[in-house]
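A structural walkthrough
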Amino acid sequence: AQSVTQLDSHVSVSEGTPVLLRCNYSSSYSPSLFWYVQHPNKGLQLLLKYTSAATLVKGINGFEAEFKKSETSFHLTKPSAHMSDAAEYFCVVTNTGNQFYFGTGTSLTVIP
Amino acid sequence: EAGVAQSPRYKIIEKRQSVAFWCNPISGHATLYWYQQILGQGPKLLIQFQNNGVVDDSQLPKDRFSAERLKGVDSTLKIQPAKLEDSAVYLCASGLTGSSYEQYFGPGTRLTVT
């Protein structure tokens, strides 16, 4: 069975400060993991992906995530938040490409 | 490159009526997905196509939902009859075959059942 748990439903940061969005996963096999971002009234956009290559993955807009098998985690980070980062973020897991499981989402607020 | 197109963008129907959603994937993408996203939740995969064949439909409520992708390009998702709990955003995504599993999402169709 596969699942993801996004540990925070809401995160609020000040502009220019670091961002940390937490994701833990459960998978019977070697997983592929993704982070997607959803801006209001827009489609989901892929931020980054892990597919069994390097454990530190760099994505678009300065985001990165580290796959930690021992902790079953795939946390999303960014050194300095920008106002345009305010959005909903989803962690996603699959191990075969046939079933994809989304977390419940983390809403990021950036305070000016 | 044109993105995934969906129509309509919004639909309001009464319970027990039927409704259909249309999706046109990115050209050349063999894989097509339909998701249901209920307010406050993450998207739930309903059905996945590879060309015009179904790869997975384990979470599709088959008593009322159906989907087809007859020519391996466009796809339609139908609900008949609709229930109040079907109110959600229906997302279509497409992707290339292979192990990267990247998906490209359309803007979604917001369905309200009254």
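The following refers to the structure shown. (Residues numbered from 1 in each chain as written. Chains lettered and ligands numbered in written order. Predicted model: local features only at pLDDT ≥ 70, side-chain atom pairs only at ≥ 80, totals over all residues. Heavy atoms only, no water.)

Focus: the overall build of chain A
On a plain count of helices and strands, chain A comes out with 0 helices and 12 strands. For chain A, the succession of helices and strands along the chain, N to C, is β-β-β-β-β-β-β-β-β-β-β-β. Relative to the compact-globule value of 13 Å for 112 residues, chain A shows a C-alpha radius of gyration of 13 Å, a close match. Considered along the principal axes of its C-alpha atoms, chain A spans approximately 40 × 25 × 20 Å. (Helix = DSSP H or I, 4+ residues; strand = E, 2+ residues; numbered from the N terminus. Rg over C-alpha atoms; globule rule 2.2 N^0.38 Å.)

So, the pattern of salt bridges
Residues and elements named next belong to chain A. According to the stated counting rule, one finds 6 salt bridges over all chains in the structure shown. Among the salt bridges present, the one from glutamate 64 reaches lysine 58, with a minimum N-O distance of 2.8 Å. Given a relative accessible area of 63%, lysine 58 falls into the exposed group. Between lysine 78 and aspartate 85 there is a salt bridge; the shortest N-O distance is 2.8 Å. (Salt bridge = Lys/Arg side-chain N within 4 Å of Asp/Glu carboxyl O. Buried < 20%, exposed > 50% of the residue type's maximum accessible area, 1.4 Å probe, protein only.)

Points about the nonpolar core
Within the largest apolar cluster, 26 residues are counted, with the highest numbers of intra-cluster contacts made by Trp35(A), Leu48(A), Leu76(A) and Tyr89(A). Counting residues per element, this core draws most heavily on strand S10 (residues 87-94) of chain A, at 4 residues. Apart from the residues within four sequence positions on either side, Leu48(A) is in contact with Leu33(A), Phe34(A), Trp35(A), Val57(A), Lys58(A), Gly59(A), Phe63(A), Glu64(A), Ala65(A), Phe74(A) and Leu76(A). Formed by 21 residues, the second largest nonpolar core is a distinct cluster that contains Val19(B), Cys23(B), Trp34(B) and Leu77(B). (Core = buried A, V, L, I, M, F, W, Y, C linked by side-chain atoms within 4.5 Å. Contact = heavy atoms within 4.5 Å.)

Notes on the interface of chain B and chain A
The interface of chain B with chain A comprises 23 residues on the first partner and 22 residues on the second. Where chain B abuts chain A, roughly 1,600 Å² becomes buried across the two surfaces, and 52% of that area is made up of carbon and sulfur atoms. Taken as a group, Pro43(B), Tyr101(B) and Phe105(B) account for 32% of the area that chain B buries against chain A, more than any other trio of residues on that side. As a salt-bridge pair, Glu102(B) and Lys49(A) come within 2.4 Å of each other at their nearest N and O atoms. Run the count over chain B and chain A and you get 5 residue pairs in polar contact (both at pLDDT 80 or more). Every element with two or more residues in the side of chain B that touches chain A is listed here: strand S4 (31-37), strand S5 (44-50) and strand S6 (53-56) of chain B. The dominant element in the side of chain B that touches chain A, judged by the number of residues it contributes, is S4(B), at 3 residues. Tallied by class, residues from the side of chain B that touches chain A come to 9 nonpolar, 11 polar and 3 charged. (Buried area = accessible area lost by both parts, 1.4 Å probe. Polar contact = N/O pair within 3.5 Å; in protein donor to acceptor, adjacent residues only side chain to side chain. Nonpolar A, V, L, I, M, F, W, Y, C, P; charged D, E, K, R; others polar.)

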